[in-house]
Amino acid sequence: MDNSGNPQDSVVPPVEGVAGGGTAYGWNDNCSQSSGPLNGSINPTEIPTADLVHVWCMPSTANVGPQEMPRPLEPINLLAARNERESVQIALRPKVSWSSSSTAGVVQVQCSDLCSASGDRLVVGQSLMLRRVVPMLGVPDALVPLDLPVCQISLIPGETTAVWVSIDAPYAQPPGLYEGEIIITSKADTELSSQCLGKGEKHRLFMELRNCLDNVEPIEGKPLHEVVERAKSTATTLRRVIFSPLFSEFFSDNGPIDMMDEDAISNLSVRVKLSLTVWDFILPATPSLPAVIGISDTVIEDRFGVRHGSDEWYEALDQHFKWLLQYRISPFFCRWGESMRVLTYTCPWPADHPKSDEYFSDPRLAAYAVPYSPVLSSNDGAKDYVRKEIELLRTKAHWKKAYFYLWDEPLNMEHYSSVRNMASELHAYAPDARVLTTYYCGPSDAPLGPTPFESFVKVPKFLRPHTQIYCTSEWVLGNREDLVKDIVTELQPENGEEIYSLSLMVLPTSYSSVSMWSVSQVTSQ
């Protein structure tokens, strides 16, 4: 790869980003500088990693694609409340190729715990996680977990790779400044085989070491001959592990290699300084602005090969629910019917099932969808089913989170009339039931205004009192945020009316795609 015209040697404006509690990047002179052009064969164990790889940081709000250009390397300074997650990206782009394969080369990424002056820690693998950013349909989107505390990443010539770093400040984490570092080291091809442990090899090593511990722990009060036998057995196991090919790089014919060699190599690494200031206040478990995301259950069934209503089906939905909830997202599952009528439900179990209370009472869940008809076949008719569900749910404290989503973007008078009729039935059972309706236009065969936008703005008045949550797509506004006022002025918040925004996305799940779309509450000044 041509190393001339290196963008990192030119002046690049600093990147400013804000994410949640805040992400700050200072502009300083501590950049990762190359020591000069490289010629001939390259041994990464003898050359500074900064001469082989561009390393720089980007905020979590940036889309770091394959053609992202390098910037100066700066320390990472994050701010977070307790019970909050903060994220940042570390971008890697090879300057030259040093591998004999089709890749530019492999780098090792190692991270340390973040420690405070008082000795408190944010532990790698618990509070600090690394994920590789993988493009989906050409857009950097999927976050694939990386091994911790050490992982290896193959770099592609001429492309930028991003590592997503996320830090959770637990609910009870003592406030203060926590500091650590992420160390990036270029590796030679010959170093990789002994350092890339598969899951099976890791498990074998773990079991052998655990057997050693089990052997020597219960020796107190044992006869001397038994203690000796246990010690011999333990020594045999440890010798087999230590002298295995896994650790061959540390031994020569004359015994252990001088570890100064390893220290010298580490001095060639790029060290990214990482600090997080944990503030002395706690974010509530329940989000103040709900983010509601829908997942097609039919797509889950297809992707995972599970039959609707089977034990495996319940398990797949349960895993999706728990996975999204940890990110403060309130999920629901959905299934489309005729003319975009949609069956939506957050919990696949009925209201009288113990799982229902477990789902709906979770403080992280901001809102949940109640189905208008049975999710599975029922002896009751649809109307009797929904009436019984409502009667039971209304006795629960979490009923205030409930809503009904009946139709996906009605287009004409027939669709709108169906929404009004279904909502009337629900309000007959529960006058305080909340109905959510998505829309991007008024009825096409009975315009509510002289222009499409004016007709769109009048939808809340047309659906009142049959809808309480009005949900529209952002693209309707055409990037004109000033039009939000026209929409909001039509609402009656004193009567509990709200407006949400709608977007469509794709969720990578086990390297497959699941159709998703999200609904987020909108606020206005």
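Computed from a predicted model, the values in this text were never measured in an experiment. (Residues numbered from 1 in each chain as written. Predicted model: local features only at pLDDT ≥ 70, side-chain atom pairs only at ≥ 80, totals over all residues. Heavy atoms only, no water.)

Caption draft 1: Geometry of the overall build of the protein chain. For the protein chain, the count of helices and strands is 13 helices and 24 strands. Here the analysis covers contacts within the protein chain between residues at least 6 apart in sequence; of these, 73% occur between residues at least 24 apart. Surface summary for the protein chain: the accessible area is close to 26,300 Å², and the carbon and sulfur share equals 54%. (Helix = DSSP H or I, 4+ residues; strand = E, 2+ residues; numbered from the N terminus. Contact = heavy atoms within 4.5 Å. Areas by Shrake-Rupley, 256 points an atom, 1.4 Å probe, with all protein chains shown as cover.)

Caption draft 2: View of the nonpolar core. With 53 residues, the main nonpolar core has Tyr368, Trp399, Phe404 and Leu426 as its most contacted residues. Contacts of Leu426, omitting those with residues within four sequence positions, involve Tyr372, Val386, Ile390, Phe404, Leu406 and Val435. In this structure, Leu92, Val165, Ile184 and Val272 belong to the second largest nonpolar core, which totals 40 residues. (Core = buried A, V, L, I, M, F, W, Y, C linked by side-chain atoms within 4.5 Å. Buried < 20%, exposed > 50% of the residue type's maximum accessible area, 1.4 Å probe, protein only.)

Caption draft 3: Region of interest: the packing of aromatic side chains. Applying the stated criterion across every chain yields a total of 13 aromatic pairs. The interplanar angle of 70 degrees and the centroid separation of 5.6 Å between the aromatic rings of Tyr416 and Phe462 together place this pair among those described as edge-to-face. You can see Tyr416 sitting in helix H10 (residues 413-429) and its partner Phe462 sitting in helix H12 (residues 459-463), a full 46 residues away along the chain. Three or more aromatic residues joined by ring pairs form one cluster here, namely Trp313, Tyr314, Phe321, Trp349 and Tyr359. (Phe/Tyr/Trp six-rings, centres within 6.5 Å; stacked < 30°, edge-to-face > 60°.)

Caption draft 4: Fine view of the pairing of strand S11 (residues 161-169). When you tally the buried positions in S11, you get 8 out of 9 residues, the bulk of the element. Sheet topology note: the strand S4 (residues 84-94)/S11 ladder contains 9 bridges and is antiparallel. The residue bridging Arg85 from the neighbouring strand is Asp168, located in S11. (Pairing = 2+ DSSP bridges.)

Caption draft 5: Representation of the pattern of salt bridges within the structure. Using the criterion set out here, one finds 19 salt bridges in the structure. Among the salt bridges present, the one from Lys273 reaches Glu181, with a minimum N-O distance of 3.0 Å. Taken together, the positions of Lys273 in strand S15 (residues 270-282) and Glu181 in strand S12 (residues 176-187) put the pair 92 residues apart, joining distant regions of the chain. Looking at Glu181, the relative accessible area reads 17%, which means it is buried. Among the ionic pairs, Asp432 bridges to Arg394, the shortest N-O distance being 3.3 Å. Taken together, the positions of Asp432 in the loop between H10 and strand S21 (435-439) and Arg394 in the loop between helix H9 (382-393) and strand S20 (402-408) put the pair 38 residues apart, joining distant regions of the chain. By relative accessible area, Asp432 is classed as partly exposed at 39%. (Salt bridge = Lys/Arg side-chain N within 4 Å of Asp/Glu carboxyl O.)

Caption draft 6: Expanded view of the packing of H9 against H10. Their axes nearest at 10 Å, the elements H9 and H10 cross at an angle of 45 degrees. Between H9 and H10, the angle falls in the class oblique. Of the two elements, H9 crosses H10, and the hand of that crossing is right-handed. Two secondary-structure elements touch here, H9 through Lys383, Val386, Arg387 and Ile390 and H10 through Glu425, Leu426 and Tyr429. (Axes fitted to C-alpha atoms, helices over the stretch in contact; angles between N-to-C directions. Parallel < 35°, antiparallel > 145°, perpendicular 65-115°, else oblique. Left-handed = near helix turned anticlockwise from the far one by under 90°.)

Caption draft 7: Geometry of empty space enclosed by the protein. Under the defined criterion, the tally for this structure stands at 2 cavities of 30 Å³ or more. Estimates place the volume of the largest cavity at around 80 Å³. Around the largest cavity, the lining is made up of 16 residues, and of these Cys347, Trp349, Phe360, Pro371 and Glu389 lie nearest the centre. When residues of the lining of the largest cavity are traced back to their parent elements, those giving at least two are helix H8 (354-360) and H9. With 3 residues, the single largest contributor to the lining of the largest cavity is H9. When the residues that make up the lining of the largest cavity are grouped by side-chain class, the tally is 13 nonpolar, 2 polar and 1 charged. (1 Å grid on protein atoms, 1.4 Å probe; cavity = no way out; pocket = protein on both sides within 12 Å on 5 of 7 lines; lining within 4 Å. Points joined across faces, edges and corners; volume = space filled by probe spheres on them. Nonpolar A, V, L, I, M, F, W, Y, C, P; charged D, E, K, R; others polar.)

Caption draft 8: Representation of the sheet that holds strand S8 (residues 128-136). Spatially, the 5 strands line up as an open sheet ordered S2-S4-S11-S8-S9, and their pairing is antiparallel. Looking at which strands have only one partner, the edges of the open sheet turn out to be strand S2 (53-59) and strand S9 (139-145). Averaged over all neighbouring strand pairs, the angle between strand axes comes to 30 degrees, with direction disregarded. Taken together, the 5 bridges between S8 and S11 define a ladder with antiparallel strand orientation.

Caption draft 9: Layout of helix H7 (residues 311-325). In this model H7 runs 21 Å from its N-terminal to its C-terminal C-alpha over 15 residues, within 8% of the 21 Å that 1.5 Å per residue would give. Buried residues of H7: Trp313, Tyr314, Ala316, Leu317, Asp318, His320, Phe321, Leu324 and Leu325, and no others. (Expected span 1.5 Å × (residues − 1).)

Caption draft 10: Just the confidence of the model for the protein chain, in detail. Considering every residue of the protein chain, the mean pLDDT works out to 81; 80% of them sit at 70 or more. Taken together, the stretch residues 252-265 has pLDDT below 50 and engages in 9 contacts with residues farther than four places along the chain or on a different chain. (pLDDT = per-residue confidence, 0-100.)

Caption draft 11: Spatial organisation of unusual backbone geometry. Omega for the bond connecting Leu148 with Pro149 falls within 30 degrees of zero, at 5 degrees, which places this linkage in the cis form. Summarising the element assignment, Pro149 is placed in the loop between S9 and strand S10 (150-155). Residue Pro465 is bonded to the preceding Arg464 through a cis peptide linkage, with omega at 5 degrees. Residue placement: Pro465 occurs in the loop between H12 and strand S22 (469-473). Unusually for a residue other than glycine, Met340 sits at a positive phi of about 70 degrees. Position of Met340 relative to the elements: it lies in the loop between strand S17 (330-336) and strand S18 (342-345). According to the relative accessible area criterion, Met340 is partly exposed, its value standing at 38%.

Caption draft 12: Inspection of the pairing of S21 at higher detail. Summarising burial for S21: 5 of the 5 residues are buried, a large majority. Taking every second residue as pointing to the same face, both faces of S21 are buried, with Val435, Thr437 and Tyr439 on one and Leu436 and Thr438 on the other. Bridging between S20 and S21 involves 3 bridges; their strand directions are parallel. Of the residues in S21, the one forming a bridge with Phe404 is Val435. Following the backbone out of S20, through H10 and into the adjacent parallel S21, one traces a crossover that is right-handed. (Right-handed = clockwise from strand over helix to strand, strands pointing away.)

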